[in-house]
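Fold and contact review
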Amino acid sequence: MRIDIINPKAAKLLRDLEDMNLISIQDSSKKGFADVLKKLRSKAKEAPSLEDISKEMEAVGNNAKSRN
């Protein structure tokens, strides 16, 4: 289950429910593609742009389609 919190008061309410042992909140450690990409770029001397990556992915996809 995923819940997007719109109002900050809802976050406090959820923490209060957790404090009363009515619910358990797990921190989601899943990162989105953009977050992973940002982390990889920070470690690289020269990082490809998102556009370069997209072009390469399209080329690989087209190559795979042509083999089938």
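Residues numbered from 1 in each chain as written. Predicted model: local features only at pLDDT ≥ 70, side-chain atom pairs only at ≥ 80, totals over all residues. Heavy atoms only, no water.

**With respect to helix α1 (residues 8-19)**
Condition: We count a stretch as a helix when DSSP gives it H or I for four or more residues in a row; a strand needs E for two or more, and each element gets its number in order from the N terminus. Take the number of residues in a helix, subtract one, and multiply by 1.5 Å to get its expected span. Counting of polar contacts relies on pairs of N or O atoms within 3.5 Å, with two restrictions inside protein: one atom must be capable of donating a hydrogen and the other of accepting it, and residues adjacent in sequence are counted only when both atoms are side-chain atoms.
Along its 12 residues, α1 runs 17 Å from first to last C-alpha, staying within 8% of the 16 Å computed at 1.5 Å per residue. Where α1 begins, one side-chain oxygen reaches toward the backbone nitrogen of Lys9, 2.8 Å away; that side chain belongs to Asn7. Among the residues trailing α1, Asn21 stands out with phi positive, at a value near 60 degrees.

**Some remarks on the confidence of the model for the chain**
Low pLDDT means the predicted atomic positions in that stretch should not be read closely. Stated precisely, the cut-off is as follows: A score between 0 and 100, pLDDT records how confident the predictor is in each residue.
Summarising the model, the chain shows a mean pLDDT of 83, and 93% of its residues fall at 70 or more. Ranking the helices and strands of the chain by mean pLDDT puts α1 first, with 93, and helix α2 (residues 33-43) last, with 78.

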